[in-house]
Amino acid sequence: MRILHTSDWHLGRSFHRVSLLEAQAAFLDHLVATVREHEVDAVLVAGDVYDRAVPPLAAVELFDDALHRLAAAAVPTVMISGNHDSARRLGVGAGLIGRAGIHLRTDPAGCATPVVLPDVHGDVAFYGLPYLEPALVKDTLRAERAGHEAVLTAAMERVRADLAERPDGTRSVVLAHAFVAGGEPSDSERDITVGGVAAVPAGVFEGVDYVALGHLHGCQTVTERVRYSGSPLAYSFSEAGHRKTMWLIDLDASGTITAERLDCPVPRPLARLRGRLDDLVDEPALERHRESWVEATLTDPVRPAEPMARLAERFPHTLSLVFEPDRAPDDPHASYARRLKGRDDQQIAEDFVAHVRGGSAADEQERTVLRGAFDHVRVDDGVREVNR
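Predicted, not measured: the structure shown is a model, and the values here were computed from it. Residues take numbers from 1 onward in each chain, read along the sequence in its written order. Local features are withheld for residues below a pLDDT of 70 in this predicted model, meaning they are given only at 70 or higher, and side-chain atom pairs are given and counted only at 80 or more; totals for whole chains, interfaces and linings count all residues. In computing side-chain values, all of the structure's heavy atoms are included and hydrogens and water are not.

Q: What should I look at first to understand the overall build of the protein chain in this one?
A: Each helix corresponds to a stretch of at least 4 residues labelled H or I by DSSP, and each strand to a stretch of at least 2 residues labelled E; elements are numbered beginning at the N terminus. The helix and strand tally for the protein chain stands at 11 helices and 17 strands. Computed over the C-alpha atoms, the radius of gyration of the protein chain is 23 Å, within 12% of the 21 Å expected from 2.2 N^0.38 for a compact globule of 388 residues. For the protein chain, with 388 residues in total, the buried portion stands at 49%. Every residue pair with non-hydrogen atoms within 4.5 Å of one another is taken to be in contact. Expressed as a percentage of contacts within the protein chain between residues at least 6 apart in sequence, the contacts between residues at least 24 apart total 68%. Per element, the accessible surface of the protein chain, about 18600 Å² overall, is 51% carbon and sulfur. Values of the radius of gyration come from C-alpha atoms, whereas the globule rule sets the reference at 2.2 Å times the count of residues to the power 0.38. Buried means the residue's accessible area, taken with a 1.4 Å probe over protein chains only, is under 20% of the maximum for its type, while exposed means over 50%, and partly exposed covers the values in between. Computed with the Shrake-Rupley method and a 1.4 Å probe, the accessible areas treat only the protein chains shown as cover for residues.

Q: How do you make sense of the packing of aromatic side chains when you look at a structure like this?
A: Aromatic ring pairs are reported here in terms of the distance separating the ring centres and the angle at which the planes meet. Any two of the Phe, Tyr and Trp rings considered here, Trp counted by its six-membered ring, make a pair once their centres fall within 6.5 Å; the pair's planes then place it as stacked at under 30 degrees, edge-to-face at over 60, or tilted in between. Using the criterion set out here, one finds 4 aromatic pairs in the structure. On the basis of an interplanar angle of 70° and a centroid distance of 6.0 Å, the ring pair of W9 and F27 is categorised as edge-to-face. Of this pair, W9 sits in the loop between β1 (2-6) and β2 (14-15) while F27 sits in helix α1 (residues 21-37), placing them 18 residues apart in sequence. Take W9: its relative accessible area is 1%, and that puts it in the buried class. When the ring of Y50 is compared with that of F63, the centres are 5.4 Å apart and the planes differ by 65°; the resulting orientation is edge-to-face. One end of the pair, Y50, is in the loop between β4 (42-46) and α2 (57-72); the other, F63, is in helix α2, and 13 residues separate them in sequence. An identical accessibility class is assigned to Y50 and F63; each is buried.

Q: Where do I start with the packing of helix α5 (residues 134-141) against helix α6 (residues 148-164) in this structure?
A: Axes are the key here: two packed helices are described by the angle between their axes and the distance separating the axes. Every axis corresponds to a line fitted to the C-alpha atoms, with the helix fit spanning only the stretch in contact, and the corresponding angles, defined between N-to-C directions, vary from 0 to 180 degrees. Running from amino to carboxyl end, α5 crosses α6 at an angle of 35°, the nearest separation of the two axes being 10 Å. Of the two possible hands of crossing, α5 and α6 adopt the one that is left-handed. In this structure, α5 contributes P134, V137, K138, T140 and L141 to the contact, and α6 contributes H148, V151, A154, A155 and R158. Residues are grouped as follows: Ala, Val, Leu, Ile, Met, Phe, Trp, Tyr, Cys and Pro are nonpolar; Asp, Glu, Lys and Arg are charged; every other residue, Gly included, is polar. A breakdown of the residues in the contact of α5 with α6 according to their chemical character gives 6 nonpolar, 2 polar and 2 charged. The hand of a helix crossing depends on one turn: near helix anticlockwise from the far one by less than a right angle means left-handed, and clockwise means right-handed.

Q: Help me understand the state of the cysteines, please; the structure alone is not making it clear to me.
A: Here a disulfide denotes one covalent bond, and it connects the sulfur atoms of two cysteines. What counts as a disulfide here is a pair of cysteine sulfur atoms lying within 2.5 Å. For the structure shown, the criterion picks out 0 disulfides. Not part of a disulfide, C264 finds its nearest cysteine sulfur in C219, a span of 8.8 Å. Among the residues examined, C264 registers a relative accessible area of 6% and is labelled buried.

Q: I tried to follow the nonpolar core on my own but got confused; where do I start?
A: Side chains of a nonpolar character, in soluble globular proteins, are inclined to be buried together. By nonpolar core we mean a set of buried residues, namely Ala, Val, Leu, Ile, Met, Phe, Trp, Tyr and Cys, connected to one another through side-chain atoms within 4.5 Å. L129, L141, L152, M156, V174, F205 and L213 are the most contacted members of the largest nonpolar core, which totals 34 residues. When residues of this core are traced back to their parent elements, those giving at least two are β8 (122-129), α5, α6, β9 (171-177), β10 (210-214) and β12 (226-228). Per-element tally for this core: the top contributor is α6, with 8 residues. By size, the runner-up hydrophobic cluster in this structure holds 28 residues, among which are L11, V45, A66 and L90.

Q: Hey, could you run me through the sheet that holds strand β16 (residues 293-298) in this one?
A: The strands making up a sheet associate through hydrogen bonds between their backbones, and the pairing can be parallel or antiparallel. Two strands pair under a simple rule: DSSP has to find at least two bridges between them. Taking strand neighbours across the sheet as the criterion, the 3 strands line up as β15-β16-β17 in an open arrangement whose pairing is parallel. Bordering the open sheet on either side are β15 (270-275) and β17 (318-323), each of which pairs with just one other strand. Neighbour-to-neighbour, the strand axes of this sheet turn through a mean angle of 15°, independent of strand direction. Helix α8 (residues 307-314) rests against β16 and β17 of the sheet, and its axis sits at about 140° to β17.

Q: Explain unusual backbone geometry here, please?
A: For residues besides glycine, phi is generally negative; the peptide bonds are generally trans as well. Positive phi is not limited to glycine here, since H16 has a value of about 50°. Assignment of secondary structure puts H16 in the loop between β2 and β3 (18-19). Positive phi, close to 60°, is recorded for A74, a residue that is not glycine. As for its placement among the helices and strands, A74 is situated in the loop between α2 and β5 (77-80).

Q: Is there a simple way to explain the side chain of D209 in this structure?
A: Relative to the helices and strands, D209 resides in the loop between β9 and β10. Neither His nor the chain ends contribute to the count of charged residues, in which Lys and Arg are positive and Asp and Glu negative. For this analysis, a salt bridge means a side-chain nitrogen from Lys or Arg found within 4 Å of a carboxyl oxygen belonging to Asp or Glu. Notably, D209 is buried but unbridged: the nearest opposite-charge side chain belongs to R225, and the N-O separation is 4.0 Å.

Q: Quick question: what am I supposed to make of the pattern of salt bridges here?
A: Close approach of charged atoms lets side chains of opposite charge pair. For the structure shown, the criterion picks out 17 salt bridges. For D263, the salt bridge identified is with R243, shortest N-O distance 2.7 Å. Within this pair, whereas D263 is found in strand β14 (residues 257-263), its partner R243 is found in the loop between β12 and β13 (245-251), the two being separated by 20 residues in sequence. Judged by relative accessible area, D263 falls into the partly exposed class, the value being 42%. The closest approach of N and O atoms between R274 and E324, which form a salt bridge, is 3.0 Å. Residue R274 is found in strand β15, and its partner E324 is found in the loop between β17 and α9 (336-340); the two are separated by 50 residues along the sequence. For E324, a relative accessible area of 14% gives the class buried.

Below, the structure written as structure tokens:
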């Protein structure tokens, strides 16, 4: 069976206030063309179809058009909801849409009910594990505790139990939206840390032939059988070095896989430039970035006059301007943002506690309280967004 694995479309998202809707439409054109060109048997979308729980109408229309075109191509599609999606909204009409061969898996309670697709060698069972917010699905899945590893372990136990009841030789594919240990994050993914832990071990998925992951935006191989497709477009300048692709997976009669990366269209390359303003606007070697989306980090010791106007004259698509004067990290005049760079909310809060107490660090009990507060706010924000 030939499978096309993609994820993290984030329909409706912009890039530094530049609409990406046209680029997302071009990607979906490419997706449908790829399905036909490579005679794909099944398409997998591993979550974050939309960029937010209540997407703009134009994004919904784009999604609707994609579903009609995939259904018209008579290629079964399996989709799960991600942490950016509203699972309940995305899943509306799933039963009816399923009759057209578009299978939406958004309910955690149904994670052990696969979409079964046959080929000449027998059946392939596709299990969709939507994003599992630990605090919200712990009881549904009867997990031991409210953590990412615990709820995914509980879900996979159900998957393996169902698979064990199926005929010998049934091959298995799992779609999941999670941060799996060994994956490299970028700046454009929403933090899903719970209790100070975001990643789960790849061993959680033991026992299935292929795991199609979503959430991380870089295409990567965690193990031969566990892979991220990454997002089809760059959604932050941290992805400037990414090659945006989809995985074309061939699953043979024994469950052995072969994988090939297929490139996605690039609407405009990204460039991260750093240096003094005069050097950036005068350096001939940088002419190759004239048509790129540019993030410029200026290191001038004194902020120059009209930097954005001067940069835009040389690089018309400059979208981001950062000031980082050449100073030592411990310089008292270093920017607040620079001093906080690389520190998460928990670390910043702990630093604040130490600061107001004259250097006395937070103890373990206080760190636990802070961690619980951040987890509560993150989950509450997610619930409020979904229920709007």
